[in-house]
Amino acid sequence: MKRLWAWGALIFGLLYFFLPLIGMTNFSLKMRRGEYSLDAYSKVFADSRFQETFTYSVTMALMTIVFGVFLVVPTAYWVRLKLPRLRPYIEFITLLPLVIPAIVIVFGYIRLYNTSSWLPLTGSAFGTDILLMFGYATLALPYMYRAIDTGLRTIDIATLTEAAQSLGAGWFTIISKIILPNVLVAVLSGAFLTFAIVIGEFTMAALLNKPAFGPYMQLLGANRAYEPAALAVIAFGITWGCLGLIQLVSRLQKTAPRQA
C-alpha cells in the first residue's frame, strides 16, 4: 500500500510539473494557424534584442562566476584551515541573500553608489556593470559557497597545505595549483547554478537599466503572444541544461576518488 501511495505521489508530481510545460510548448508551436511550426522560435532567435540581451547576460554570468570563484575559494579554504570556529557565522552570512529580497539589495546599491556618492558606480555603463556583477555574485553566494565548501570537505586540506609548504609553495600557489584543482568539480557545480541564476534574474537588471535577458523576457511577454511562450521554453531548456551538467559533474565528483 505504501508503495502504491509513493507511485501515486510521484505520478501526481510529474503531471503537476510537466502538464503546464507541455501546454506552453504546444502553444508556442501554434503561431501558424491550423498547423505546428517553429515560427515563434525563429522570430525570437532573429530578434536583435534577443541576441543582445542573451549575449550580455552570458557575459555577466561568466564575469560573476570568475569573481565568485576568486572570492569564495580562498575564503572557504581559509575558514576551514585557520578559522573553523567562524564557520557557523560565515554560513549564516552566505545564507542572507536567500532571505533578503533582491529589490532590497539593489536599492541599497543604488543608494550607496549613485552619482552623488563617494563611489559613483551608477554614473557610467562600466560601473553599473560592475555593480550588477556584485549583485549577481551576492544572489549566487549561498549556492557557490556551499558547493565549494562541500568540495573542500572531501579533501584533507591541512595535510595538502603542510606538504606544499614543506616544498616551499606560497599561499597563491597552494590555492591555485593544489586546492582549486581538487575542488574543480565542486566549483563547476556552483558555476552552473550561478549561470542559471544570472540568466533568469530580472529585478537587479531592470532597476539598474541594463539590457539583460530577464527584463527582455518580461518586455516580450507584455507585448507578444506566441514568442513569450517560445522564449520561456528556451529559458527552461537553459536551466535544465545547467541542472543536467550539475548532475554530470556530481557523478564525476563521486567517481574521482575511486579513480585516484
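Residues numbered from 1 in each chain as written. Predicted model: local features only at pLDDT ≥ 70, side-chain atom pairs only at ≥ 80, totals over all residues. Heavy atoms only, no water.

## Quick word on the overall build of the chain
From N to C terminus, the chain includes 12 helices and zero strands. Overall, the chain shows an N-to-C arrangement of helices and strands of α-α-α-α-α-α-α-α-α-α-α-α. Based on the C-alpha atoms only, the size of the chain along its principal axes is roughly 75 × 65 × 30 Å. Evaluated residue by residue, the chain yields a buried proportion of 36% over its 260 residues. The long-range fraction of contacts in the chain, counting pairs at least 24 apart against all pairs at least 6 apart in sequence, stands at 74%. Accessible surface for the chain amounts to roughly 15500 Å². Of this, 69% is attributable to carbon and sulfur atoms. (Helix = DSSP H or I, 4+ residues; strand = E, 2+ residues; numbered from the N terminus. Buried < 20%, exposed > 50% of the residue type's maximum accessible area, 1.4 Å probe, protein only. Contact = heavy atoms within 4.5 Å. Areas by Shrake-Rupley, 256 points an atom, 1.4 Å probe, with all protein chains shown as cover.)

## Examining the environment of glycine 123
Here glycine 123 is to be found in the loop between helix H5 (102–112) and helix H6 (125–153). Distance in space between the C-alpha atoms of glycine 123 and tyrosine 113 is 8.6 Å, their sequence separation being 10 residues.

## Considering the pattern of salt bridges
Applying the stated criterion to the full structure yields seven salt bridges. Between aspartate 129 and lysine 210 there is a salt bridge, with its nearest N and O atoms 3.0 Å apart. Here the residue aspartate 129 occupies a position in helix H6, and lysine 210 occupies one in the loop between helix H10 (203–207) and helix H11 (213–223), the gap between them amounting to 81 residues. Assessed through its relative accessible area of 18%, aspartate 129 is described here as buried. Across the pair aspartate 149 and arginine 153 runs a salt bridge, and its minimum N-O distance is 3.3 Å. (Salt bridge = Lys/Arg side-chain N within 4 Å of Asp/Glu carboxyl O.)

## A few points about the packing of aromatic side chains
All chains considered together, the criterion is met by 15 aromatic pairs. A centroid spacing of 5.4 Å and a plane angle of 85° characterise the contact between phenylalanine 45 and phenylalanine 50, whose relative ring orientation is edge-to-face. On the accessibility criterion, phenylalanine 45 (45% relative accessible area) is partly exposed. Through a chain of ring-to-ring contacts, three or more aromatic side chains come together here, namely Phe45, Phe50, Phe54, Phe213 and Tyr216. (Phe/Tyr/Trp six-rings, centres within 6.5 Å; stacked < 30°, edge-to-face > 60°.)

## With respect to the packing of H5 against H6
The contact between H5 and H6 brings their axes to 11 Å, and the two run at 150°. Seen from above, H5 lies across H6 with right-handed handedness. Of the residues in H6, those in contact with Ala102, Ile105 and Tyr109 of H5 are Leu131, Phe134, Gly135, Thr138 and Leu139. Looking at the contact of H5 with H6, its residues break down into six nonpolar, two polar and no charged. (Axes fitted to C-alpha atoms, helices over the stretch in contact; angles between N-to-C directions. Left-handed = near helix turned anticlockwise from the far one by under 90°. Nonpolar A, V, L, I, M, F, W, Y, C, P; charged D, E, K, R; others polar.)

## Here's the deal with H6
Here H6 spans 40 Å end to end across 29 residues, near enough to the 42 Å set by a 1.5 Å rise per residue. At alanine 140, H6 is deflected by roughly 55°, the largest bend along its length, and proline proline 142 occurs up to four residues later in sequence. (Expected span 1.5 Å × (residues − 1). Bend = angle between axes of the 7 residues up to and from the residue.)

## Quick look at H5
Since one α-helical turn is 3.6 residues long, residues separated by three or four positions face the same way. Among all positions in H5, only Ala102, Ile105, Val106 and Tyr109 are buried. Within H5, the buried residues cover an arc of 90° as seen down the axis, which keeps them to one side. Buried residues along H5 sit in contact with H6 and H10. (Arc of directions from axis to C-beta.)

## Looking at the UniProt feature "domain: ABC transmembrane type-1" (unreviewed entry) in the chain
The UniProt feature table records "domain: ABC transmembrane type-1" (unreviewed entry) at residues 54–247. Secondary structure within residues 54–247 divides into 81% helix and 0% strand; the distance between the first and last C-alpha atoms comes to 24 Å. (UniProt positions renumbered as here; feature names shortened; annotations may be inferred.)

## Examining the side chain of serine 117
Position of serine 117 among the secondary structure elements: in the loop between H5 and H6. Within the structure, the side chain of serine 117 is placed 3.0 Å from the backbone oxygen of leucine 112, a separation counted as a polar contact. Here asparagine 114 takes part through its backbone oxygen, which lies 2.7 Å from a polar atom of the side chain of serine 117. (Polar contact = N/O pair within 3.5 Å; in protein donor to acceptor, adjacent residues only side chain to side chain.)

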